[in-house]
Amino acid sequence: MHGENMKYQVMIKILMLLLARKKVTAVEIAEKYEISVRSVYRYVEELCVAGIPIDVARGRYGGLSIADTFKLPVGYFTKEEYNSTVNALNAMLSQVNDQHAYLALEKLQRQIKNERRDLSVSGNIIIDGGAWCEGKRFSDKMSVCEKAVNESLQLCIDYISRSGEHSKRYIDPHVLIFKGNVWYVYAFCHNKQDFRTFKIGRIKDARFTGVGFVKKKLMREDIPLSFAKDTANSIDIVLEISRSALPDVEEWLGVDEVEPRRNGFYAEINLPLDNGLVNKILSFGGGVKVVSPESLKAQVKEAALKILQD
């Protein structure tokens, strides 16, 4: 049991070290805590299983790092565990001037304070990380992307496509875009060697690489602000909307796209035809009906029948 306690103490120390530093090698950790490099990787693997997104980069310039968007989950420590950890770090700092311990303590105290209200304020824009936003740590991602745009800092992101495919991208963020109630970052993607638009809600993790970049000169017309319709699979649709679903549809499509008629409310609009559209229509629970085209009506009907069968 003593060995297990020592193991978890070292794992907590490794976690605190990674939270305090941008990147550290396995050899450095092994020497610092007097364990083998093999044990370092084993402990890191266990931390990853516990939900800590540690990035392991091999090679000459490799090392271990935690995404800049990561914070310890709310409730990760009990009140007693948190107090014990803070007291231990304070005791260490009273005897040894360890900058990494100081940074770890500062991060812990700042996070506990911020957990009272996860709110990010940037200039005249307020970004709330609560239930209305697109993700558990959306405001953290926004803060990292905003800093990257403002200070011309390269990011390494773990991006999840609509099909669920993960990809690690190195991007130079140039501008943030807010369109259709969704936040995007327009960036030069080094993997594709071209500009791409990334939905911030689909960024799982992001970290600064420590590399800066020179922004390319972009005109407003260079930025594809109509990217949501830049697909050969978009169609013209007509929707009939019930009064009960009206507020939600207006937030989805915009109030300008919905018009009252003698027998109800209707929207005529061009949208990309994919599973997301079908699922969105179904999410209104009968409050939205497809008037045309017939092909979309058939898809919605098929999806609804599948739900009943399941």
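Please read these numbers as outputs of a predicted model, since none were measured by experiment.

Visitor: Is there a simple way to explain the sheet that holds strand E6 (residues 166–179) in this structure?
Guide: What links the strands of a sheet is backbone hydrogen bonding, and the strands pair in either a parallel or an antiparallel sense. Pairing within the open sheet is antiparallel, and its 5 strands lie in the order E8-E7-E6-E5-E9. Each edge of the sheet is formed by a strand with only one pairing partner; in this case those strands are strand E8 (194–199) and strand E9 (203–212). This sheet shows a mean twist of 45° between the axes of neighbouring strands, independent of strand direction. The pairing of strand E7 (residues 182–189) with E8 spans 6 bridges and is classified as antiparallel. Across the sheet, Tyr186 pairs through a bridge with Thr197, a residue of E8. Where helix H6 (residues 138–151) meets the sheet, it contacts strand E5 (153–160), E6, E7 and E9, and its direction lies at approximately 80° from that of E6.

Visitor: Would you mind going over the sheet that holds strand E12 (residues 264–272) with me for this structure?
Guide: Read across the sheet, 4 strands follow the order E11-E12-E10-E13 without closing on themselves; strand pairing throughout is antiparallel. The sheet is open, and its two borders are formed by strand E11 (258–261) and strand E13 (288–292), each paired with just one other strand. Ignoring strand direction, the axes of neighbouring strands in this sheet form an average angle of 35°. Where E11 and E12 come together, 4 bridges link them in antiparallel fashion. Paired with Arg261 across the two strands is Gly264, which belongs to E12.

Visitor: Whenever I open this one, the pairing of strand E2 (residues 63–66) confuses me. Can you help?
Guide: Looking along a regular strand, one sees the side chains alternate between the two faces of the sheet. Going residue by residue along E2, you find Gly63 and Ser65 tucked away on one face and Leu64 and Ile66 tucked away on the opposite face as well. In this sheet, E2 lies alongside strand E1 (residues 54–57) in antiparallel orientation, the contact comprising 4 bridges. Looking at E2, one finds that Asp55 is bridged to Ser65.

Visitor: Would you mind showing me how to read the pairing of E7 here?
Guide: Counting buried positions along E7 yields 8 of 8 residues, so the element is predominantly enclosed. Here E7 shows two buried faces, one formed by Val182, Tyr184, Tyr186 and Phe188 and the other by Trp183, Val185, Ala187 and Cys189. Inspection of the sheet shows E6 paired to E7 by 8 bridges, in the antiparallel sense. When the bridges of E7 are listed, Val175 appears paired with Tyr186.

Visitor: Help me understand the confidence of the model for the protein chain, please; the structure alone is not making it clear to me.
Guide: As a note on interpretation, predicted positions should not be read in detail where pLDDT is low. Here the protein chain averages 77 in pLDDT, while 71% of its residues score no lower than 70. Across the protein chain, the element-wise mean pLDDT spans from 49 in strand E3 (residues 119–122) up to 93 in E13.

Visitor: Help me out: how do you make sense of the packing of helix H8 (residues 275–282) against helix H9 (residues 294–309) in this one?
Guide: In helix packing, the relevant descriptors are the interaxial angle and the interaxial distance, both defined with respect to the helix axes. Where H8 contacts H9, the axes come no closer than 10 Å and their chain directions differ by 65°. Here H9 runs roughly perpendicular to H8, going by the angle between their axes. Seen along the crossing, H8 lies across H9 with a hand that is right-handed. In this structure, H8 contributes Leu277, Val278, Ile281 and Leu282 to the contact, and H9 contributes Leu296, Gln299, Val300, Ala303, Ala304 and Ile307. Its residues assigned to classes, the contact of H8 with H9 comprises 9 nonpolar, 1 polar and no charged.

Visitor: Teacher, can you tell me more about the environment of Ala187 here?
Guide: Tracing the backbone shows Ala187 in strand E7. It is 7.1 Å that separates the C-alpha atoms of Ala187 and Val175, two residues lying 12 residues apart in sequence. Setting aside anything within four residues of it in sequence, one finds Ala187 in contact with Ile171, Asp172, Pro173, His174, Asp194, Phe195, Arg196 and Phe198.

Visitor: Explain the side chain of Ser152 here, please?
Guide: In this fold, Ser152 is placed in the loop between H6 and E5. Given a relative accessible area of 17%, Ser152 falls into the buried group. Discounting residues that sit within four places of it in the chain, Ser152 has contacts with Lys147, Gly212, Phe213 and Lys215.

Visitor: Help me understand H6, please; the structure alone is not making it clear to me.
Guide: The terminal C-alpha atoms of H6, which comprises 14 residues, lie 20 Å apart, in line with the 20 Å expected from a rise of 1.5 Å per residue. For H6, the full list of buried residues reads Phe138, Ser139, Asp140, Lys141, Met142, Val144, Cys145, Ala148 and Val149.

Visitor: Help me understand the packing of aromatic side chains in this model?
Guide: For any pair of aromatic rings, the description consists of the separation of the ring centres together with the inter-plane angle of the planes. Under the criterion given, the structure shown has 4 aromatic pairs. Ring plane angle 20° and centroid distance 5.1 Å describe the contact between Tyr186 and Phe195, whose orientation is recorded as stacked. Like Tyr186, the residue Phe195 is buried in the burial classification. Geometrically, the ring pair formed by Phe188 and Phe195 is edge-to-face, given 5.5 Å between the ring centres and 75° between the ring planes. For the pair formed by Phe188 and Phe195, the shared burial category is buried.

How each quantity is defined
Residues numbered from 1 in each chain as written. Predicted model: local features only at pLDDT ≥ 70, side-chain atom pairs only at ≥ 80, totals over all residues. Heavy atoms only, no water. Pairing = 2+ DSSP bridges. Helix = DSSP H or I, 4+ residues; strand = E, 2+ residues; numbered from the N terminus. Axes fitted to C-alpha atoms, helices over the stretch in contact; angles between N-to-C directions. Contact = heavy atoms within 4.5 Å. Buried < 20%, exposed > 50% of the residue type's maximum accessible area, 1.4 Å probe, protein only. pLDDT = per-residue confidence, 0-100. Parallel < 35°, antiparallel > 145°, perpendicular 65-115°, else oblique. Left-handed = near helix turned anticlockwise from the far one by under 90°. Nonpolar A, V, L, I, M, F, W, Y, C, P; charged D, E, K, R; others polar. Expected span 1.5 Å × (residues − 1). Phe/Tyr/Trp six-rings, centres within 6.5 Å; stacked < 30°, edge-to-face > 60°.

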